[in-house]
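Breakdown of the fold
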Amino acid sequence: MAKKYRYHKPRHTFCYHLIRPAFKLVAGSNAKVTYGKLENPNRPYLIMFNHQTGHDQFYIYGLVPRTTYFVASEDLLAKGLLSRFLTFVCGIVPIRKNATDAHTVKMCYKIAQDGYSVALSPEGNRTFYGRTMHSNPAIAKFIKLLKLPLLFVHIDGGYGVEPRWSNKPRYGKIHVSVRKVVEPEEYKDMPIDQLYQLVKDNIYVDESADGRVYKDIPTSAEYLERVLYRCPKCGHVATMESHGRKFGCFHCGFETQYLPNKFFSDTSPFKTVADWWQWQNTMMSTVDINSNEMVASNIVRVDKVEFPNKKNIAKKCTLKLFANKLVAGDTTYHFDDIRTLSICGRNKLYMYLDDKTIQFKGDKRLSAVMYLNYFYHYNNVKEGKDDDFLGI
């Protein structure tokens with residue numbers, strides 16, 4: 001009889017316990033982090049958390065003492081030797097954003113069969129504006145396959161400390177706690193739609209307008225243009241720019257400030273980043289997908305991603321955005337020929353074609369969100385859908 005394959009290796013447990021104290025220290029370097037109590041830490045779970053910071057996995061290390069396997073995006077797993085090392089010692093499970101990866105599902109199933117926990121964010125994306133972002137409905141079928149107890153973890157305060165659009169943290173308080181545990185017996189007969197709603201309800205957080213005050217830093221508004229690319233005064237796109245605490249439009253002169261309580265000053269028609277984001281999304285409905293006018297242009301580095309490595313194609317390339325295509329140097333990528341686009345980190349844009357994956361990495365002011373929104377708007381119009389989902 002063939003030997004049963006086990007995903008878990010003893011080195012994974014050794015390394016989990018070895019690096020756990022260090023990760024807790026790193027997690028507390030930018031904030032005062034406190035933890036709730038996990039009543040039964042010695043059983044496997046499917047751990048799901050709201051995604052707020054680049055350190056969210058460290059908070060899970062702090063809360064959960066038993067060996068846990070993390071599902072991580074392709075950006076972490078395209079760093080050559082470092083990616084090979086992390087995969088070998090920690091057993092990290094790779095997944096591609098905005099895609100259903102059968103290989104990832106199979107690996108997670110093996111982990112569950114081995115009796116260990118799997119941790120992931122159903123959103124797959126860190127929040128850009130303080131509210132929990134879109135979750136893939138396929139998460140409900142994934143839950144039913146693994147048949148593990150569901151452990152919903154609430155990360156509170158992370159958006160204020162480490163906004164995704166910013167390069168600099170601002171000190172504050174973060175609390176990590178168990179929101180709810182749902183046993184397999186409770187969800188096994190649930191309809192898929194009901195289970196999906198259960199997930200959304202238990203990871204939802206809105207920190208966009210709670211008024212909590214965080215450390216005031218002199219660069220508090222940098223780099224808001226990564227997420228807010230449309231001017232509320234003149235309506236122009238790709239004309240927003242931040243300097244220090246100020247954020248404004250270089251086309252019409254509009255200017256506001258970003259305050260320590262996450263609100264804009266009174267010169268802004270929007271109180272929060274979330275309000276501005278919602279308006280910006282509604283304005284996408286005015287975009288003509290047949291327009292030949294260039295929307296934006298950025299200088300980017302272009303790499304072909306061949307996991308776990310990247311092969312440089314061009315160190316400097318002009319990337320142009322149109323309503324129905326991307327033009328990178330002399331190469332045109334019509335939106336019809338692109339399988340999907342996704343964002344990793346703060347502003348890296350990943351493009352998935354049938355035969356390859358391309359990463360565009362621009363300067364600090366590049367808005368990958370803008371490129372993503374135009375791509376999804378184009379597909380929504382072609383498919384006769386509303387712009388309820390614009391890629392993130």
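Treat the numbers as computed from the prediction; the structure is a model and nothing was measured.

Let's shift gears to the sheet that holds strand β10 (residues 255-257). Taken together, three strands build an open sheet; the order of strands is β8-β9-β10 and the sheet is antiparallel. The sheet is open, and its two edges are formed by β8 (240-243) and β10, each paired on a single side. Adjacent strand axes in the sheet meet at a mean angle of 20 degrees, parallel and antiparallel pairs treated alike. In this structure, strand β9 (residues 246-249) lies alongside β10, joined through three bridges in antiparallel fashion. Across the sheet, the residue bridging to Gly-248 is Glu-255, located in β10.

Under the criterion given, the structure shown has 12 salt bridges. Residues Lys-262 and Asp-210 are paired through a salt bridge, measuring 2.8 Å at the closest nitrogen-oxygen approach. Taken as a pair, Lys-262 in the loop between β10 and α9 (273-283) and Asp-210 in the loop between α8 (192-203) and β8 lie far apart in primary sequence, 52 residues in all. Salt bridges linked by common partners bring Asp-156, Glu-207, Asp-210, Arg-212 and Lys-262 together as one network.

So, on to the side chain of Arg-164. Mapped onto the elements of the fold, Arg-164 is located in the loop between α6 (158-161) and β7 (172-182). For the buried Arg-164, no salt bridge is present, and the opposite-charge side chain at shortest range is Glu-123, 8.0 Å distant. A distance of 2.8 Å separates a polar side-chain atom of Arg-164 from the backbone oxygen of Arg-126.

Of all hydrophobic cores here, the largest spans 60 residues; its most connected members are Phe-128, Leu-224, Val-273, Leu-326 and Phe-360. Per-element accounting of this core gives the leading share, nine residues, to helix α10 (residues 368-382). When neighbours within four sequence positions are excluded, Leu-224 is seen to be in contact with Trp-165, Ser-242, Phe-247, Tyr-258, Phe-264 and Val-273. Counting 29 residues, the second-largest nonpolar core is a separate cluster that includes Tyr-7, Leu-46, Cys-108 and Leu-195.

All right, on to the packing of helix α4 (residues 102-114) against helix α5 (residues 139-146) then. Two numbers describe how α4 lies on α5: the axes approach to 9 Å, and their chain directions differ by 35 degrees. In terms of crossing hand, the pair formed by α4 and α5 is right-handed. Contacts between α4 and α5 involve Val-105, Cys-108, Tyr-109 and Ala-112 on the former and, on the latter, Phe-142, Leu-145 and Leu-146. Along the lines of polarity and charge, the residues of the contact of α4 with α5 split into seven nonpolar, no polar and no charged.

We now examine the pairing of strand β17 (residues 357-362). Of all six residues that make up β17, five are buried, and the element is covered over most of its length. Direction of pairing for strand β16 (residues 348-352) relative to β17: antiparallel, over a ladder of five bridges. Looking at β17, one finds that Tyr-352 is bridged to Thr-357. What sits between β16 and β17 in their antiparallel hairpin is a turn of four residues.

This part is about the packing of aromatic side chains. For any two aromatic rings, the description comes down to two numbers: the centre-to-centre distance and the angle of the planes. Enumeration according to the criterion identifies 20 aromatic pairs in this entry. These aromatic residues form a ring-pair network of at least three members: Trp-165, Phe-247, Phe-254, Tyr-258, Phe-264, Phe-270, Trp-276 and Trp-279. Here the basic side chain of Arg-11 rests over the ring of Phe-88, its NZ or CZ set 3.7 Å away from the ring centre. The ring of Tyr-35 has Lys-24 sitting right over it, with the charged end atom 5.4 Å from the ring centre.

A sheet is described by the order of its strands in space; here seven strands give the open sequence β14-β13-β12-β11-β17-β16-β15, paired in antiparallel fashion. This sheet does not close on itself; its edge strands, each paired only once, are β14 (331-334) and β15 (340-344). Within this sheet the neighbouring strands show an average axis-to-axis angle of 30 degrees, counted without direction. In the sheet, strand β11 (residues 296-306) pairs with strand β12 (residues 309-321) via 10 bridges, with the strands oriented antiparallel. Bridge pairing in β12 links Val-302 to Ala-314. Together, β11, β12, β13 (325-328), β14, β15 and β16 form the strand contacts of α10, whose direction differs from that of β15 by roughly 155 degrees.

The next subject is α5. Along α5, the residues that are buried comprise Ile-139, Ala-140, Phe-142, Ile-143 and Leu-146. When α5 is viewed along its axis, its buried side chains cluster within an angular range of 160 degrees and face the same direction. Buried residues along α5 sit in contact with β2 (46-49), α4, β5 (117-120), β6 (150-156), α7 (184-187) and α8. Phi turns positive, to about 60 degrees, at Lys-147, one or two residues after α5.

As defined by bridge partners, β12 adjoins β13 across three bridges and the pair is classed as antiparallel. Bridging across to β13, Leu-319 finds its partner in Ala-328. Count of turn residues in the β12/β13 antiparallel hairpin: three residues. Pairing analysis gives four bridges linking β13 to β14, with the strands arranged antiparallel. The residue of β14 that forms the bridge with Ala-328 is Thr-331. Once β13 ends, the chain turns through two residues before running back antiparallel as β14, passing Gly-329 with a positive phi of about 65 degrees.

Analysis parameters
- Residues numbered from 1 in each chain as written.
- Predicted model: local features only at pLDDT ≥ 70, side-chain atom pairs only at ≥ 80, totals over all residues.
- Heavy atoms only, no water.
- Pairing = 2+ DSSP bridges.
- Helix = DSSP H or I, 4+ residues; strand = E, 2+ residues; numbered from the N terminus.
- Axes fitted to C-alpha atoms, helices over the stretch in contact; angles between N-to-C directions.
- Salt bridge = Lys/Arg side-chain N within 4 Å of Asp/Glu carboxyl O.
- Buried < 20%, exposed > 50% of the residue type's maximum accessible area, 1.4 Å probe, protein only.
- Lys, Arg positive; Asp, Glu negative; His and termini not counted.
- Polar contact = N/O pair within 3.5 Å; in protein donor to acceptor, adjacent residues only side chain to side chain.
- Core = buried A, V, L, I, M, F, W, Y, C linked by side-chain atoms within 4.5 Å.
- Contact = heavy atoms within 4.5 Å.
- Left-handed = near helix turned anticlockwise from the far one by under 90°.
- Nonpolar A, V, L, I, M, F, W, Y, C, P; charged D, E, K, R; others polar.
- Phe/Tyr/Trp six-rings, centres within 6.5 Å; stacked < 30°, edge-to-face > 60°.
- Lys NZ or Arg CZ within 6 Å of the ring centre and 35° of its normal.
- Arc of directions from axis to C-beta.

From the geometry alone we can't say anything about function, so treat these as descriptive.
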